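# Overview (structure and organization)
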Amino acid sequence: MYFLGIGGIGMSALARYFKAQGFEVAGYDRTCSQLTQNLENEGIKIHYVDDSSLIPENVEFVVLTPAIPANLQELNVLRSRNVKIVKRAEVLGMLSRRCRTLAVAGTHGKTTTTALVTHIMLTAKKKISAFIGGISRNISSNVVIGDADDDFVVAEADEFDHSFLQLSPFASIITSIDADHLDIYGDYQHLVESFNEFADKNSDDGIVIYHENLPVKTAKKHLTYGLGNADFVARNIQIVNGLTEFEIMTSCECGFGLCGERFVMPLYGNHNVQNALAAVLICAFLGVDTATLKEALLTFKGVQRRFDIRIRDEKHVYVDDYAHHPEEIKAALTAARKVFPDRELTVVFQPHLFTRTRDFMDGFAESLSIADRVILLDIYPARELPIEGVTSSALLNKITSRDKMLCTKENLVSTVKTIDPELVMTMGAGDVDRFVPVFEKLFTKQIA
């Protein structure tokens, strides 16, 4: 099996899964990263130049990520060989049809929720495979490799390129439907329609669990959750001894025995309380008992790059986060304000995609302005070409924080070292995460 774009978080999970199933696996990616290095250490051959001579001769099956450009030399050579080429989502769809699939969708919140569902099911000793869009700290991986007779597949359902419509869920969660990927969907209404189509793909004897504020319309059995007037509501949220506590209230007849029960977890922010509530509900529907649900939430270690506290001492707090949409940034910065109320907040943000920056310029400015100080890197282009007038400088002009600046990646470490911030967050879906080990060394004084 040959993976084009093997360094993607979803692609790498499938590569690991199929290698464990006995397939010979190799791949190409444009960029060497910690993730691809880990795959190489696990015995997967990877190269980083678009060179068809490096493609193994015995390739029988090609898995393709949507991020791969159509003019990639290797892709065209493989097409001429007449080998089977399928998108990543199609492969995940195939796996989802072999047993009951628990699918977690949403424009944000899905990775943490998928990791939570996975951890609860493992704590309950259920037989599962799982594909997570991030590295769960409990398993130090983005995949759980089960057996052919697994009872469940837990899958993160990605809305990009309509990928989640390839899945056949038994039960599903929809965490959020905020305008995003408008380069794919054209407008918000088409995005909503796609999520509703996803909900309707659910099994008749399963359940769709979605946030109370979403425009979901489905004839399938469903429940809502949230902080307001949902079927299941999280109340009395507070931080006690460094942990988040909340109580579940419900007026539903089913109840799952959860009404009045109090849960404790080491995650922060109202958004994570709601992610946890959704994960608890889907697992309770499957029969996981309350004691196991409580144990799993208390022992959940989180996901890398999701409010990922890397340094926490008297002088410095350093948090890394994948947030790349205005609503995600707002949730993460609001949580930081609540958890560390006495510290000046500095955010280093790398905008991701020219189209997203263009579409949500005002939203980015409003959310980033929650911070005391904003350091903006250049826009990470990924698969896109520049758009005239869409720049980090244009975004900076709209930000109202009292201290704001542009910074190159080359000058970022020296700039942060000079500021010596009390509380700093790196944010973005590009390559800003490469500064994580550098900042860890800086704040522990390993860099002079």
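Note: the structure precedes this text.
For every chain, the first residue of the written sequence is number 1, and numbering continues from 1 along that sequence. The predicted nature of this model means local features are confined to residues of pLDDT at least 70 and side-chain atom pairs, given and counted, to a pLDDT of 80 or more, with totals for whole chains, interfaces and linings taken over all residues. The side-chain numbers reported here are obtained from all heavy atoms of the structure, hydrogens and water having been left aside.

Only runs of H or I of at least four residues qualify as helices and only runs of E of at least two qualify as strands under DSSP, and these elements are numbered from the N terminus. Helix and strand counts for the protein chain come out as 15 helices and 21 strands. Each principal axis of the C-alpha distribution contributes one length, and for the protein chain these read about 60 × 55 × 45 Å. Categorising residues by exposure relies on relative accessible area from a 1.4 Å probe, with only protein chains included: less than 20% of the type maximum marks a residue as buried, more than 50% marks it as exposed, and the intermediate range marks it as partly exposed. Expressed as a percentage of the 448 residues in the protein chain, the buried residues total 56%. Within the protein chain, counting contacts between residues at least 6 apart in sequence, those at least 24 apart form 66% of the total. Under the convention used here, a 1.4 Å probe and the Shrake-Rupley method define accessible areas, while residue burial counts only the protein chains that appear. Of the roughly 18500 Å² that the protein chain leaves accessible, carbon and sulfur atoms contribute 48%. The charge count treats Lys and Arg as positive and Asp and Glu as negative. His and the chain ends do not count. To locate a charge, the coordinates of NZ of Lys, CZ of Arg, CG of Asp or CD of Glu are taken. Counting 46 positive and 58 negative side-chain charges, the protein chain places the centres of these two groups 3 Å from one another. In this analysis, two residues are considered to be in contact whenever any of their non-hydrogen atoms come within 4.5 Å of each other.

Inspection of the secondary structure puts Ser 367 in helix α12 (residues 361-368). A relative accessible area of 7% means that Ser 367 is categorised as buried. With sequence-adjacent residues up to four places away left out, Ser 367 is seen in contact with Pro 326, Ile 329, Lys 330 and Leu 333.

A word on the environment of Gly 133. For Gly 133, the location among the structural elements is in strand β7 (residues 128-136). Along the backbone, Gly 133 and Val 143 are 10 residues apart, and their C-alpha atoms lie at a distance of 8.9 Å. With sequence-adjacent residues up to four places away left out, Gly 133 is seen in contact with Ile 9, Thr 111, Glu 156 and Arg 306.

Sheet strands line up and pair through hydrogen bonds in the backbone, either parallel or antiparallel. The criterion for strand pairing is that DSSP finds at least two bridges linking the strands in question. Read from one edge to the other, the open sheet built from 6 strands follows the order β16-β17-β21-β18-β19-β20, with strand pairing classed as mixed. Across the chains shown, the open sheet's two edge strands, defined by having one partner strand only, are β16 (308-312) and β20 (403-406). Ignoring strand direction, the axes of neighbouring strands in this sheet form an average angle of 15°. Sheet strands in contact with helix α14 (residues 409-419) are β18 (345-349), β19 (373-376) and β20, and its direction is about 165° off that of β19. Orientation is described by axes fitted as lines to C-alpha atoms, over the contacting stretch for helices, and by angles from 0 to 180 degrees between their N-to-C directions.

Let us now look at the pattern of salt bridges. For this document, the term salt bridge refers to a Lys or Arg side-chain nitrogen within 4 Å of an Asp or Glu carboxyl oxygen. Evaluated as defined, the whole model comprises 19 salt bridges. Its salt-bridge partner being Arg 262, residue Glu 245 comes within 3.2 Å of it at the nearest N-O pair. With Glu 245 in strand β14 (residues 243-250) and Arg 262 in strand β15 (residues 262-265), the pair connects residues that are 17 residues apart, well separated along the chain. The class of Arg 262 is partly exposed, set by a relative accessible area of 25%.

For this analysis, a ring pair means two rings from Phe, Tyr or Trp (six-membered ring only for Trp) whose centres lie within 6.5 Å, classed as stacked if their planes differ by under 30 degrees, edge-to-face if by over 60, and tilted for the remaining angles. As enumerated under the stated definition, the model contains 14 aromatic pairs in all. Relative to Phe 263, the ring of Phe 246 has its centre 5.8 Å away and its plane inclined at 15°; by these criteria the two rings are stacked. You can see Phe 246 sitting in strand β14 and its partner Phe 263 sitting in strand β15, a full 17 residues away along the chain. Each member of the pair, Phe 246 as well as Phe 263, is classed as buried. When the ring of Tyr 318 is compared with that of Phe 443, the centres are 5.8 Å apart and the planes differ by 55°; the resulting orientation is tilted. Highlighted residues: Tyr 318 in strand β17 (residues 317-321) and Phe 443 in helix α15 (residues 436-443), separated in sequence by 125 residues. Just as Tyr 318 is buried, Phe 443 falls in that class too. Here the guanidinium or amino end of Lys 294 rests over the ring plane of Phe 263, the centre of that ring lying 5.8 Å away. Each ring is checked for a lysine NZ or an arginine CZ that lies within 6 Å of its centre and within 35 degrees of its normal; such an atom marks a charge sitting over the ring.

Taken together, the 10 strands give an open sheet; going across it, the order is β8-β7-β9-β6-β10-β11-β12-β13-β14-β15, and neighbouring strands pair in mixed fashion. Each end of this open sheet is capped by a strand with a single partner; those strands are β8 (141-144) and β15. Along the sheet, successive strands turn relative to each other by an average axial angle of 20°, direction set aside. Where strand β13 (residues 232-240) and β14 come together, 7 bridges link them in antiparallel fashion. Residue Gln 238 lies in a different strand from β14, and its bridge partner there is Glu 245. The sheet strands contacting helix α8 (residues 270-285) are β6 (100-105), β10 (171-174), β11 (207-211), β12 (222-226), β13, β14 and β15, and the helix crosses β13 at an angle near 130°. Set on the sheet, helix α9 (residues 290-299) makes contact with β14 and β15; between it and β15 the angle comes to about 25°.

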